[in-house]
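Listed below, chain by chain, are the residues.
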Amino acid sequence: MDNSPPPPSALNNFRILYLVTQLVGITIIVLVSCWIGIHLNGLGWTSNPAKEFNWHPLLMSVGMIFLYGNSILIYRGFRYARKKPLKITHATIHGAAFIFTVIALVAVFDSHNLAKPNPIPNMYTLHSWVGLAAVLLFSLQYVFGFAAYLFPGVREQLRASYMPVHVFFGVAGFVLAIAAALLGLLEKAIFSVSNYSALPPQAILINTIGLMYIVYGGLVVFLVTERQYKRHPLPEDVMLLTHSASVGSS
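None of the values given here were measured: they were computed from a predicted structure.

Each value, and the rule that gives it
Residues numbered from 1 in each chain as written. Predicted model: local features only at pLDDT ≥ 70, side-chain atom pairs only at ≥ 80, totals over all residues. Heavy atoms only, no water. Helix = DSSP H or I, 4+ residues; strand = E, 2+ residues; numbered from the N terminus. Buried < 20%, exposed > 50% of the residue type's maximum accessible area, 1.4 Å probe, protein only. pLDDT = per-residue confidence, 0-100. Contact = heavy atoms within 4.5 Å. Polar contact = N/O pair within 3.5 Å; in protein donor to acceptor, adjacent residues only side chain to side chain. UniProt positions renumbered as here; feature names shortened; annotations may be inferred. 1 Å grid on protein atoms, 1.4 Å probe; cavity = no way out; pocket = protein on both sides within 12 Å on 5 of 7 lines; lining within 4 Å. Points joined across faces, edges and corners; volume = space filled by probe spheres on them. Nonpolar A, V, L, I, M, F, W, Y, C, P; charged D, E, K, R; others polar.

In this structure, the amide linkage connecting lysine 116 to the following residue, proline 117, adopts the cis form with an omega of 5°. For proline 117, the location among the structural elements is in the loop between helix H4 (83-113) and helix H5 (126-149). Located in the positive-phi region is asparagine 41, a residue other than glycine, with phi close to 70°. Along the chain, asparagine 41 turns up in the loop between helix H1 (8-39) and helix H2 (49-53). By relative accessible area, which is 57% here, asparagine 41 ends up exposed.

Right, here's the structure in full:
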């Protein structure tokens, strides 16, 4: 296996694409905020279930899209940082994304259950099923990843053998989150934009957000799977790994 560092041209390309990815992610949050503020009457809580729902697309975009993507990219984006601080940062961003996701789920269930005059049924659409699958996979990834890589005493061989599984299901969960977001946008457009086929401003904005989800998701998956952009261990990482292995075998 080739362990040589990537050529400077590859790193320059990575930096450009990484910056573009961040700009697209920030654009998503801005566009979703504009959609909520201009077309969905802003934010609220249980006293106004319709406005409480609006936390759901906003916080899911921040947590399960933007933060999740950045958590996946942290090792390649900060390739010259030491491994242990990157692990902690990776787990912290995942934790923040989880908190946003929980609040977003509370908001959507509240908005359905408190709707007047009649509550709205829960968990019957494809969006809700795919979204729940993404959240469950994300949560399991967080638990198993924390146990494998931050819990003391786990053998290095076990961590190394679990790594491909952790990477695969991390990317799979992110792709599921993008799919759920697209289905959610379509569902909201069909339910709330009466003349959707005529492409009023709200419909154009919703479609644009959906395209931004796809671009962001594609960039994240490309950056994290392209072999040229892989982070190579720093000398201190190798020393720490060797020390851990010697301690474990003593």
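There is more to say after this.
Let us look at the confidence of the model for the chain. Looking at the chain, the pLDDT average stands at 89 and 91% of residues meet or exceed 70. Note on residues 239-250: pLDDT under 50 across the span, and three contacts to partners over four residues away in sequence or across chains.

We now examine the environment of tryptophan 55. Along the chain, the position of tryptophan 55 falls in helix H3 (residues 55-77). Given the relative accessible area of 26%, tryptophan 55 is considered partly exposed. In the structure, tryptophan 55 is positioned 47 residues away from valine 102 in sequence and 11 Å away in space, judged by C-alpha atoms. In this structure, tryptophan 55 is in contact with Leu43, Gly44, Trp45, Met60, Ala104 and Ala107, ignoring residues within four places of it in sequence. A polar contact of 2.9 Å, which involves the side chain of tryptophan 55, links it to the backbone oxygen of glycine 44.

Glancing now at the UniProt feature "transmembrane region" (unreviewed entry) in the chain. UniProt records the feature "transmembrane region" (unreviewed entry) at residues 16-38, 58-78, 90-109, 129-151, 163-183 and 203-224, using the numbering of this structure. Secondary structure within residues 129-151 divides into 91% helix and 0% strand; the distance between the first and last C-alpha atoms comes to 32 Å. Counting secondary structure, residues 203-224 comes out at 100% helix and 0% strand; the distance between its end C-alpha atoms is 32 Å.

Reported here for the second largest pocket is a volume of approximately 830 Å³. As for the second largest pocket, its lining consists of 38 residues, of which Phe53, His56, Val108, His127 and Glu187 are closest to the centre. Those elements that place two or more of their residues in the lining of the second largest pocket are H2, H3, H4, H5 and helix H6 (156-192). Ranked by the residues each element gives to the lining of the second largest pocket, the list is headed by H6, at nine residues. Its residues assigned to classes, the lining of the second largest pocket comprises 25 nonpolar, 11 polar and two charged.

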